[in-house]
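# Structure at a glance
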Amino acid sequence: MKLVGDFLSRFQNLTPPNDALKVAVAKAVTAIAGVPVRKNDITLSNGVAFVRCSSIAKSTILVKRSAVLEEIFHTLPKARDSVRDIR
């Protein structure tokens, strides 16, 4: 007889669906804006990706927002439904 822990162990490695979005946003911001961002610094809420960084880095991201969003949409075409702005 198998234990419940053995059954649940296969679900430990599942990631939430917005994890791929966070990774895509982090890569795009790092590549386009030149601001090093980790996926843990990004929060998704109501279609807006909030990036935790310094005010100077946020200004750089806002200036290059259209290029960053274009890169995200090129990487993940389904992201158009989920992310509409970066702040």
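Please refer to the structure placed before this passage.
Let us look at the structure shown here. Predicted model, so just to flag it, every value in this text is computed and none were measured.

## So, helix α4 (residues 65-75)
Taken residue by residue, α4 has Val68, Leu69, Ile72 and Phe73 as its buried positions. Down the axis of α4, the buried set is contained in an arc of 135°. They therefore lie on one face. The outward face of α4, more than 90 degrees from its buried face, is lined by the exposed residues Ser66, Glu70 and His74. Those residues of α4 hidden inside the fold are in contact with α2 (18-33) and β3 (85-86).

## Remarks on the side chain of Asp41
Structurally, Asp41 is set in the loop between α2 and β1 (42-45). Using a relative accessible area of 15% as the deciding quantity, one classes Asp41 as buried. With near-sequence residues (within four places) excluded, Asp41 lies in contact with Phe50, Val51 and Arg52.

## Quick look at the pairing of strand β2 (residues 48-51)
In the sheet, β1 pairs with β2 via four bridges, with the strands oriented antiparallel. Across the sheet, Ser45 pairs through a bridge with Val48, a residue of β2. A loop of two residues connects β1 with β2, the two strands running antiparallel in sequence, and Asn46 in this loop sits at a positive phi of about 55°. Across two bridges, the pairing between β2 and β3 is parallel. When the bridges of β3 are listed, Ala49 appears paired with Ile86.

## Let's talk about the nonpolar core
For soluble globular proteins, the rule of thumb is that nonpolar side chains tend to be buried together. With 20 residues, the main nonpolar core has Val29, Val35, Ile42, Ile61, Ile72 and Ile86 as its most contacted residues. Elements that contribute at least two residues to this core include exactly α2, β2, α3 (55-63) and α4. At six residues, the largest contribution of residues to this core is made by α2. Those residues within four positions of Ile86 in sequence are excluded, and the remaining contacts are Ala49, Val51, Ile61, Leu62, Arg65, Val68, Leu69 and Ile72.

## Structural notes on α2
A rise of 1.5 Å per residue sets the reference length of α2, with its 16 residues, at 22 Å; its end C-alpha atoms lie 22 Å apart and thus fit the reference within 8%. Taken as a whole, α2 has its buried residues at Asp19, Leu21, Ala24, Val25, Ala26, Ala28, Val29 and Ala33. Residues of α2 that are buried make contact with β1, β2, α3 and α4. Directly beyond the C-terminal end of α2, a positive phi value near 75° is found at Gly34.

## Some words on unusual backbone geometry
A positive phi angle is found at Asn46, which is not glycine, with a value near 55°. Structurally, the position occupied by Asn46 is in the loop between β1 and β2.

Cut-offs and rules
Residues numbered from 1 in each chain as written. Predicted model: local features only at pLDDT ≥ 70, side-chain atom pairs only at ≥ 80, totals over all residues. Heavy atoms only, no water. Buried < 20%, exposed > 50% of the residue type's maximum accessible area, 1.4 Å probe, protein only. Helix = DSSP H or I, 4+ residues; strand = E, 2+ residues; numbered from the N terminus. Arc of directions from axis to C-beta. Contact = heavy atoms within 4.5 Å. Pairing = 2+ DSSP bridges. Core = buried A, V, L, I, M, F, W, Y, C linked by side-chain atoms within 4.5 Å. Expected span 1.5 Å × (residues − 1).

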